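Breakdown of the fold
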Amino acid sequence: MREPTWFRWSRRIGLTVLSVFALLPVWVMITTSLKPLSDVQGEFRWFPSTITTEAFVEMWRTIPLGRYFLNSLVVSVAASVASVMLALLAAYAVSRYRFLGRQAFSVTVLSTQMFPGILFLLPLFVIFVNLGQTLGIDLYGSRPGLIITYLTFTLPFSIWMLVGYLDSVPRELDEAAAVDGNGPMGAFFRVVVPAAMPGIIAVLIYAFMTAWGEVLFASVLTDESTRTLAVGLQGYATQNNVYWNQIMAASLTVSVPVVIGFLFLQRYLVAGLTAGSVK
Amino acid sequence: MTATAPARTTAGTPAGTAQVPAGAPRRRRKRQWLPYVLLLPVLVAELLIHIIPMLVGVGMSFLQLTQFYIRNWTGAPGAGLDNYRFVLQFDEASGKALLHSFWTTVVFTVVVLACSWGLAMLAAIWTQHAFRGRGLVRTAFLVPYALPVFASVITWSFMLQRDNGVVNHVLVDQLGVLDERPFWLIGGNSFWALIVVEVWRLWPFAFLALTAGMSSIPAEQYEAAAIDGAGVLRSVRWVTLPNLRSVNQVLLLVLFLWTFNEFTVPYTFFGKSAPEQADLISMHIYQNSFVTWNFGTGSAMSVLLLLFLLAVTAVYLLLTNRRRPVDA
C-alpha cells in the first residue's frame, strides 16, 4: 500500500516526539552522572560543565551501595533459579499430559497473577514475625525470607511462560527420544529441556529482572543488612545534601545488567507474545 | 506484583489451556501418576506462598490485629465484621479516605490506560511497515520498559524537582510557558506527575504487544482493502483493529490490573507518605497498615480490593467473550 504524504509526515513527527519522551530520562541519567556536584545544585544544565567520574567513585561511600548490590544479586538469582526449576517440572506436566485437575491448576496459577501484592504482604509479614517468635526461625529481615516472598510473583509467570515454550517444542522429539529407549524423564532432560533452552533462559532473565526491581516486599521485609537496591537507593535522598549526580550514577549502574539482559531477551519475548496472543 | 511481565500476555490467553497436547492420551493410561509427581513441588510451594498466606490474610481481616498482637497473633481478639464496617464507614474520616483513594485510583487507571493504549496504537501503526531507522526507533521505545522501575522513577523525580529539574527548566526558562516554577511532587500536580511517569513506563509494553499482534496480520487483507479503495484510516479501522481483538482483550485487562495495583512508582516518588491527591489504593493500604500497625483493617481493605478486582475481571471477561461471536 502506498503511504500518503500526510501519513509519512505524521509518522516522522510522532515518532520523534515519542522517542524524545522515551529517552529523555536516559539522557538526564547519563549526563547527570558525569557532572560535578556543583552542576546539580543550581539550575538544570543539558551538558556537564566538566565531565567527571567523581560520582561513580563517591556513590559507594555515601550509602553502602556495595552491600545493597550484593543483596539484590543474591536474592534475585536465588528467586529466579528456584522458580524456574520448580516451574519447569510443572510446565512439563501441563504441556505434555492430560490429567485430572490440569484445568483447575492452570486457572489457579493464572488467577494468582492478578492478586495485589499487598494481599500477600500483610499475612507473610505476620507469619514471618510469628515463626521467629514461636519456632525461632528468623525469616523476617533475612534473605531466605525475601526469596520466598519473591516466589509469589516469579513462580506463576515462570510456569505460564514455560508452558508456552514447551508447547512449541514438537512432540515428535519426545517420541524420537522414546524410540531411543528413554523414559519420559529421560526424554524431558535429554531432549525437551535442551530444545527449549532459549526459552528457559528468557524466563530466567525475566524473573531476575522482576525480582531486581521489586519494592513492595523489600521495603518491609528487609533490614539494614539485607536491604536491596530497589529500596536502598532511596538512602541518597535522606542525606543532608541531595547528591543527584551520585544518585544518577548509581541508578545507571544498577540499570546496566538489567538492560543488557533485556536486549538479549527481546527476541524471545516478542516471539512468546506472538505465539500466546495469536493462537 | 509491580514490575511485571510481557509474559503475562502469553500467560493471559486461554490458548495455553485450550490446547490438547498431541500424543498425550497414549501415555495417559500408562503413567497417570507422573504428572502429579512433577507438579508436587509447585503445589507445595503454591500452598506455602499463596494459599496459606491468603487464608491467613482473610482470617486476619476478622481479627483485632493491632500492634499489641502482631507478634502473637493467636492471642488477638476476634472482631467479627468490625474491620469491614470500620473501613466502609464512608461518613467517618478513615472511610472517606479509603473512598477518596479508590476514586483517585480509578481516575488514574482510566487515564493511564487510555494514554498508554493510544500512544502504543499510534506508534505501532507508524512502525508497522518497514522504513529506514525502524529498528532503532523500536529499540528506543523499549528502553523505558527495560530499565528497573525504581531507577527510572528516581530519575523522573530528579527531572521534576522544582529548582534544579529539567521539566521546569524547559517549561519556565526555555519555553516560558509558565511564569512560576511549580512543585510537581507536592499537592495536586503530583497526581499528573504520577500519570506521566506511569504512562512513560507502561506504553512500551502495550507497544510490544500490539506490534507482535500486527506482525501476524496477513498482508493480503491490507491489499484487499487497498483494492477496495481504503486509505490508511479505513484499513486501520477495518483490518488492523478487528485483527487485534484478542490481543486487545488480554492487553487491556493486564494493563488494568497492573495500573490499579501500582505501588513501585508512587512509593519511589513519595516514600512512605504520598500526597492526598495521589493516594493510590495500594499505597493507601500499605500506609494504613504500617503507620497505624492495624493489620486487621489493612487486611480487610486488601480483601475488598481483591473482591473488586475479581468482580471487574469476571464482568470484563463475560462481556468481551459474549460479544465476540457477533463481531467476528
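Residues numbered from 1 in each chain as written. Chains lettered and ligands numbered in written order. Predicted model: local features only at pLDDT ≥ 70, side-chain atom pairs only at ≥ 80, totals over all residues.

**Thoughts on the overall build of chain A**
Counting its regular elements, chain A contains 13 helices and zero strands. Along the three orthogonal principal directions, the C-alpha set of chain A runs to about 75 × 70 × 35 Å. A burial count over chain A gives 51% of its 279 residues as buried. (Helix = DSSP H or I, 4+ residues; strand = E, 2+ residues; numbered from the N terminus. Buried ≥ 20, exposed ≤ 12 C-beta atoms within 10 Å, placed from the backbone.)

**Description of the overall build of chain B**
Along its length, chain B carries 16 helices and zero strands. Counting across all 328 residues of chain B, residues that qualify as buried make up 43%. Counting contacts in chain B only where the partners sit at least 6 residues apart, residues at least 24 apart contribute 67% of the total. (Contact = placed C-beta atoms within 7 Å.)

**Notes on unusual backbone geometry**
Even without a glycine there, the phi angle at Trp293 of chain B is positive, about 55°. As for its placement among the helices and strands, Trp293 of chain B is situated in the loop between helix H15 (281-292) and helix H16 (295-327).

**Looking at the packing of helix H6 (residues 117-134) of chain A against helix H4 (residues 34-60) of chain B**
The contact between H6 of chain A and H4 of chain B brings their axes to 8 Å, and the two run at 90°. It follows that H6 of chain A is roughly perpendicular to H4 of chain B by the angle criterion. Of the residues in H4 of chain B, those in contact with Leu119, Phe120, Leu122, Pro123, Leu124, Val126 and Ile127 of chain A of H6 of chain A are Pro53, Met54, Val56, Gly57 and Met60 of chain B. Its residues assigned to classes, the contact of H6 of chain A with H4 of chain B shows eleven nonpolar, one polar and no charged. (Axes fitted to C-alpha atoms, helices over the stretch in contact; angles between N-to-C directions. Parallel < 35°, antiparallel > 145°, perpendicular 65-115°, else oblique. Nonpolar A, V, L, I, M, F, W, Y, C, P; charged D, E, K, R; others polar.)

**Observations regarding helix H8 (residues 149-159) of chain B**
Most of H8 of chain B sits inside the fold, with eleven of its eleven residues counted as buried. Every buried residue of H8 of chain B is listed here: Val149, Phe150, Ala151, Ser152, Val153, Ile154, Thr155, Trp156, Ser157, Phe158 and Met159 of chain B.

**Some points on the confidence of the model for chain B**
Residue and element names in this part refer to chain B. Per-residue confidence for chain B gives a mean pLDDT of 84, with 89% of residues at or over 70. The weakest mean pLDDT in chain B belongs to helix H1 (residues 7-12) at 39; the strongest belongs to helix H6 (residues 93-126) at 94. Across residues 22-28 the pLDDT falls below 50, and counting only partners more than four positions away or on other chains, this stretch makes ten contacts in the model. (pLDDT = per-residue confidence, 0-100.)

**Things to note about the nonpolar core**
In terms of nonpolar packing, the biggest core is built from 175 residues, with Ala90 and Leu162 of chain A together with Ala206 of chain B touching the most fellow members. No other element matches helix H10 (residues 189-215) of chain B, which puts 16 residues into this core. Discounting chain neighbours no more than four positions away, the residues touching Ala206 of chain B are Ser116, Trp117, Ala120, Leu251 and Leu255 of chain B. (Core = buried A, V, L, I, M, F, W, Y, C linked by C-beta atoms within 7 Å.)

**Side note on the environment of Pro77 of chain B**
Locating Pro77 of chain B in the fold gives a position in the loop between H4 and helix H5 (82-87). Each C-alpha atom of the pair Pro77 of chain B and Met159 of chain B lies 49 Å from the other, and the pair is 82 residues apart in sequence.

**Quick word on the interface of chain A and chain B**
Between chain A and chain B, the contact holds 100 residues from the first and 105 residues from the second. The element contributing the most residues to the side of chain A that touches chain B is helix H13 (residues 244-278) of chain A, with 19 residues. Across the side of chain A that touches chain B, the residue classes tally to 65 nonpolar, 26 polar and nine charged.

**Looking at the packing of H6 of chain B against helix H13 (residues 245-260) of chain B**
Angle between the axes and distance between the axes: these two values describe a pair of packed helices. Residue and element names in this part refer to chain B. Relative to each other, H6 and H13 sit at 135°, their axes nearing to 9 Å. The orientation of H6 with respect to H13, classified from their angle, is oblique. When you trace H6 past H13, the crossing you get is right-handed. Only Leu252, Leu255, Phe256, Thr259 and Phe260 of H13 make contact with H6, whose side of the interface consists of Thr105, Thr109, Val112, Leu113, Ser116 and Trp117. Classifying every residue of the contact of H6 with H13 gives seven nonpolar, four polar and no charged. (Left-handed = near helix turned anticlockwise from the far one by under 90°.)

**Details of the confidence of the model for chain A**
Taken over all residues, the pLDDT of chain A has a mean of 86, while the share at 70 or more is 94%. Note on residues 273-279 of chain A: pLDDT is under 50 here. Beyond four places in sequence and across chains, it has 28 contacts.

**A closer look at the environment of Gly57 of chain B**
Its place among the elements puts Gly57 of chain B in helix H4. Gly57 of chain B sits 191 residues away from Asn248 of chain B along the chain, and the two C-alpha atoms are 33 Å apart. Other than its neighbours up to four places away in sequence, Gly57 of chain B contacts Leu119, Leu122 and Pro123 of chain A together with Ser299, Ser302 and Val303 of chain B.

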